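Chains, contacts and geometry: an overview
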Amino acid sequence: MSRIGRMPIAVPAGVTVEIAENNHVTVKGPKGTLERVLPAEMEIKQEGDEVIVTRPNDLKKMKSLHGLTRTLINNMVVGVTEGYKKELEVNGVGYRASKAGKVLTLNLGFSHPVEMEDPEGLESKVEGNKITVSGIDKEKVGQYAAEIRDKRRPEPYKGKGIKYADEVIRRKVGKTGKK
(Lines give C-alpha, C1' and ligand atoms only; values in the text may rest on other atoms or scores of the structure.)
Protein backbone atom coordinates (compact mmCIF):
# COMPACT_ATOMS: atom_id res chain seq x y z
CA MET A 1 0.00 0.00 0.00
CA SER A 2 1.11 3.54 -0.63
CA ARG A 3 2.33 4.95 2.67
CA ILE A 4 1.39 8.48 1.70
CA GLY A 5 -1.88 7.57 -0.05
CA ARG A 6 -3.07 5.58 2.97
CA MET A 7 -2.81 8.48 5.43
CA PRO A 8 -6.09 10.32 6.07
CA ILE A 9 -6.15 14.08 5.47
CA ALA A 10 -7.19 15.96 8.61
CA VAL A 11 -9.59 18.80 7.79
CA PRO A 12 -9.14 21.59 10.39
CA ALA A 13 -12.04 23.64 11.77
CA GLY A 14 -13.16 26.43 9.43
CA VAL A 15 -12.28 24.45 6.28
CA THR A 16 -14.89 22.79 4.08
CA VAL A 17 -14.09 20.14 1.49
CA GLU A 18 -16.67 19.44 -1.24
CA ILE A 19 -16.31 16.48 -3.58
CA ALA A 20 -18.44 16.71 -6.73
CA GLU A 21 -18.74 14.16 -9.55
CA ASN A 22 -15.62 13.39 -11.63
CA ASN A 23 -13.57 14.07 -8.46
CA HIS A 24 -13.93 17.84 -8.72
CA VAL A 25 -12.67 18.85 -5.25
CA THR A 26 -13.31 22.33 -3.82
CA VAL A 27 -11.58 23.39 -0.60
CA LYS A 28 -12.77 26.57 1.17
CA GLY A 29 -10.87 28.06 4.07
CA PRO A 30 -10.01 31.31 5.87
CA LYS A 31 -7.46 32.34 3.18
CA GLY A 32 -9.59 31.58 0.12
CA THR A 33 -10.92 28.84 -2.14
CA LEU A 34 -9.05 26.30 -4.26
CA GLU A 35 -10.57 23.85 -6.70
CA ARG A 36 -9.09 21.09 -8.79
CA VAL A 37 -10.17 18.10 -10.87
CA LEU A 38 -8.35 15.02 -9.62
CA PRO A 39 -7.90 11.63 -11.38
CA ALA A 40 -11.34 10.03 -11.81
CA GLU A 41 -10.07 6.52 -10.99
CA MET A 42 -9.38 7.41 -7.35
CA GLU A 43 -12.18 7.22 -4.80
CA ILE A 44 -12.28 10.25 -2.49
CA LYS A 45 -14.52 10.05 0.58
CA GLN A 46 -15.12 12.43 3.45
CA GLU A 47 -15.59 10.78 6.82
CA GLY A 48 -16.20 13.24 9.65
CA ASP A 49 -13.29 15.68 9.72
CA GLU A 50 -11.06 13.46 7.55
CA VAL A 51 -10.72 12.89 3.81
CA ILE A 52 -9.68 9.41 2.70
CA VAL A 53 -8.34 8.48 -0.75
CA THR A 54 -8.57 4.84 -1.92
CA ARG A 55 -7.47 3.19 -5.16
CA PRO A 56 -9.48 0.61 -7.13
CA ASN A 57 -6.64 -1.89 -7.81
CA ASP A 58 -2.89 -2.40 -7.56
CA LEU A 59 -1.83 -1.50 -11.09
CA LYS A 60 1.37 0.56 -11.27
CA LYS A 61 -0.53 3.61 -12.59
CA MET A 62 -3.09 3.44 -9.76
CA LYS A 63 -0.34 3.16 -7.15
CA SER A 64 1.38 6.28 -8.45
CA LEU A 65 -1.91 8.23 -8.71
CA HIS A 66 -2.88 7.23 -5.15
CA GLY A 67 -0.12 9.15 -3.36
CA LEU A 68 -0.33 12.04 -5.84
CA THR A 69 -4.08 12.53 -5.32
CA ARG A 70 -3.75 12.49 -1.53
CA THR A 71 -0.85 14.96 -1.59
CA LEU A 72 -2.69 17.36 -3.94
CA ILE A 73 -5.73 17.45 -1.63
CA ASN A 74 -3.49 17.91 1.43
CA ASN A 75 -1.65 20.79 -0.28
CA MET A 76 -5.01 22.47 -0.97
CA VAL A 77 -6.05 22.13 2.70
CA VAL A 78 -2.71 23.52 3.94
CA GLY A 79 -2.88 26.32 1.34
CA VAL A 80 -6.29 27.66 2.46
CA THR A 81 -5.29 27.51 6.15
CA GLU A 82 -1.63 28.63 6.25
CA GLY A 83 -0.69 29.49 2.68
CA TYR A 84 2.70 28.93 1.04
CA LYS A 85 5.73 31.13 0.59
CA LYS A 86 9.10 30.95 -1.14
CA GLU A 87 12.03 33.23 -0.43
CA LEU A 88 14.61 34.27 -3.01
CA GLU A 89 17.83 36.28 -2.57
CA VAL A 90 19.36 38.68 -5.08
CA ASN A 91 23.16 38.59 -4.89
CA GLY A 92 25.61 40.63 -6.95
CA VAL A 93 27.04 44.14 -7.25
CA GLY A 94 24.37 46.46 -8.65
CA TYR A 95 21.71 43.70 -8.69
CA ARG A 96 18.51 45.08 -7.20
CA ALA A 97 14.84 44.24 -6.80
CA SER A 98 12.05 46.75 -6.20
CA LYS A 99 8.28 46.62 -6.05
CA ALA A 100 5.75 49.19 -7.30
CA GLY A 101 2.10 48.15 -7.04
CA LYS A 102 1.85 44.69 -8.61
CA VAL A 103 5.01 45.07 -10.70
CA LEU A 104 8.31 43.55 -9.57
CA THR A 105 11.30 45.32 -11.15
CA LEU A 106 14.64 43.50 -11.26
CA ASN A 107 17.95 45.18 -12.16
CA LEU A 108 20.18 42.23 -13.03
CA GLY A 109 23.07 43.70 -14.98
CA PHE A 110 21.20 43.72 -18.29
CA SER A 111 20.92 46.89 -20.38
CA HIS A 112 17.26 47.13 -19.29
CA PRO A 113 15.34 46.44 -16.05
CA VAL A 114 13.29 43.23 -16.08
CA GLU A 115 9.65 43.81 -15.08
CA MET A 116 7.32 41.05 -13.89
CA GLU A 117 3.68 41.39 -12.88
CA ASP A 118 2.36 39.30 -9.98
CA PRO A 119 -0.03 36.60 -11.25
CA GLU A 120 -3.61 36.43 -9.95
CA GLY A 121 -3.72 35.20 -6.35
CA LEU A 122 0.00 35.63 -5.67
CA GLU A 123 1.85 38.40 -3.88
CA SER A 124 5.54 39.26 -3.85
CA LYS A 125 7.33 41.44 -1.28
CA VAL A 126 10.80 42.95 -1.46
CA GLU A 127 12.90 43.64 1.65
CA GLY A 128 16.47 44.64 0.86
CA ASN A 129 17.88 41.86 -1.30
CA LYS A 130 15.14 39.34 -0.40
CA ILE A 131 12.04 38.59 -2.50
CA THR A 132 9.19 36.68 -0.84
CA VAL A 133 6.50 35.08 -3.03
CA SER A 134 3.35 34.03 -1.15
CA GLY A 135 -0.06 32.61 -2.02
CA ILE A 136 -2.48 29.76 -1.31
CA ASP A 137 -1.69 27.55 -4.34
CA LYS A 138 1.61 25.67 -3.81
CA GLU A 139 2.04 24.99 -7.52
CA LYS A 140 1.62 28.63 -8.57
CA VAL A 141 3.92 29.92 -5.79
CA GLY A 142 6.66 27.52 -6.84
CA GLN A 143 6.20 28.30 -10.54
CA TYR A 144 6.37 32.09 -10.09
CA ALA A 145 9.43 31.79 -7.83
CA ALA A 146 11.10 29.62 -10.48
CA GLU A 147 10.29 32.18 -13.19
CA ILE A 148 11.85 34.98 -11.11
CA ARG A 149 14.96 32.84 -10.50
CA ASP A 150 15.21 32.07 -14.24
CA LYS A 151 15.75 35.75 -15.07
CA ARG A 152 19.34 35.44 -13.76
CA ARG A 153 20.35 32.07 -12.29
CA PRO A 154 23.22 32.02 -9.78
CA GLU A 155 26.61 31.45 -11.40
CA PRO A 156 29.26 29.18 -9.81
CA TYR A 157 32.25 31.57 -9.70
CA LYS A 158 31.04 34.58 -7.70
CA GLY A 159 27.54 33.38 -6.79
CA LYS A 160 25.88 36.33 -8.53
CA GLY A 161 22.24 36.00 -9.52
CA ILE A 162 18.89 35.12 -7.94
CA LYS A 163 18.84 32.03 -5.72
CA TYR A 164 16.38 30.42 -3.33
CA ALA A 165 17.07 31.34 0.31
CA ASP A 166 17.78 27.69 1.19
CA GLU A 167 19.72 26.90 -1.99
CA VAL A 168 23.42 26.07 -1.78
CA ILE A 169 25.49 27.13 -4.79
CA ARG A 170 28.41 24.84 -5.63
CA ARG A 171 31.34 27.17 -6.13
CA LYS A 172 34.16 26.72 -8.61
CA VAL A 173 37.71 27.99 -8.49
CA GLY A 174 38.42 30.63 -11.12
CA LYS A 175 41.28 30.78 -13.59
CA THR A 176 44.78 31.34 -12.31
CA GLY A 177 47.30 33.46 -14.24
CA LYS A 178 50.26 31.88 -16.08
CA LYS A 179 53.70 32.41 -14.54
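Basis of the calculations
Residues numbered from 1 in each chain as written. Predicted model: local features only at pLDDT ≥ 70, side-chain atom pairs only at ≥ 80, totals over all residues. Heavy atoms only, no water. Helix = DSSP H or I, 4+ residues; strand = E, 2+ residues; numbered from the N terminus. Rg over C-alpha atoms; globule rule 2.2 N^0.38 Å. Buried < 20%, exposed > 50% of the residue type's maximum accessible area, 1.4 Å probe, protein only. Contact = heavy atoms within 4.5 Å. Lys, Arg positive; Asp, Glu negative; His and termini not counted. Charge placed at Lys NZ, Arg CZ, Asp CG, Glu CD. Pairing = 2+ DSSP bridges. Axes fitted to C-alpha atoms, helices over the stretch in contact; angles between N-to-C directions.

1. Brief notes about the overall build of the protein chain
Along its length, the protein chain carries three helices and 13 strands. Scaling as 2.2 N^0.38, a compact globule of 179 residues should have a C-alpha radius of gyration of about 16 Å, whereas the protein chain reaches 21 Å, well beyond that. Its C-alpha atoms give the protein chain principal-axis dimensions of roughly 70 × 45 × 25 Å. Considering the protein chain as a whole, with its 179 residues, one finds that 37% of them fall into the buried category. Sequence-distant contacts in the protein chain: of pairs separated by 6 or more residues, those separated by 24 or more amount to 50%. Of the side-chain charges in the protein chain, 33 are positive and 25 negative, and the distance between the mean point of each set is 12 Å.

2. Comments concerning the environment of asparagine 91
Along the chain, the position of asparagine 91 falls in strand β7 (residues 84-91). Classification of asparagine 91 by relative accessible area gives partly exposed; the value is 21%. In this structure, the C-alpha to C-alpha distance between asparagine 91 and alanine 165, residues 74 residues apart in sequence, is 11 Å. Beyond its immediate chain neighbours, meaning those up to four positions away, asparagine 91 contacts Asn129, Gly159, Lys160, Gly161 and Lys163.

3. Brief notes about the side chain of lysine 163
Of note, lysine 163 is situated in strand β13 (residues 161-164). Looking at lysine 163, the relative accessible area reads 11%, which means it is buried. With near-sequence residues (within four places) excluded, lysine 163 lies in contact with Glu87, Leu88, Glu89, Asn91, Pro154 and Ile169.

4. Some remarks on the sheet that holds β13
Strand order in this open sheet of four strands is β11-β12-β7-β13, and the pairing throughout is antiparallel. Each of the sheet's edge strands pairs with one partner strand only, and the pair in question is β11 (122-127) and β13. For this sheet, the mean inter-axis angle between neighbouring strands, taken without regard to orientation, is 25 degrees. As defined by bridge partners, β7 adjoins β13 across four bridges and the pair is classed as antiparallel.

5. Re the environment of glycine 14
Its location among the elements puts glycine 14 in the loop between β1 (9-10) and β2 (16-20). For glycine 14, a relative accessible area of 62% corresponds to the exposed category. Through-space distance from the C-alpha of glycine 14 to that of threonine 81 is 8.6 Å; in sequence the pair is 67 residues apart. When near neighbours in sequence (up to four residues on either side) are disregarded, glycine 14 contacts Lys28, Gly29 and Pro30.

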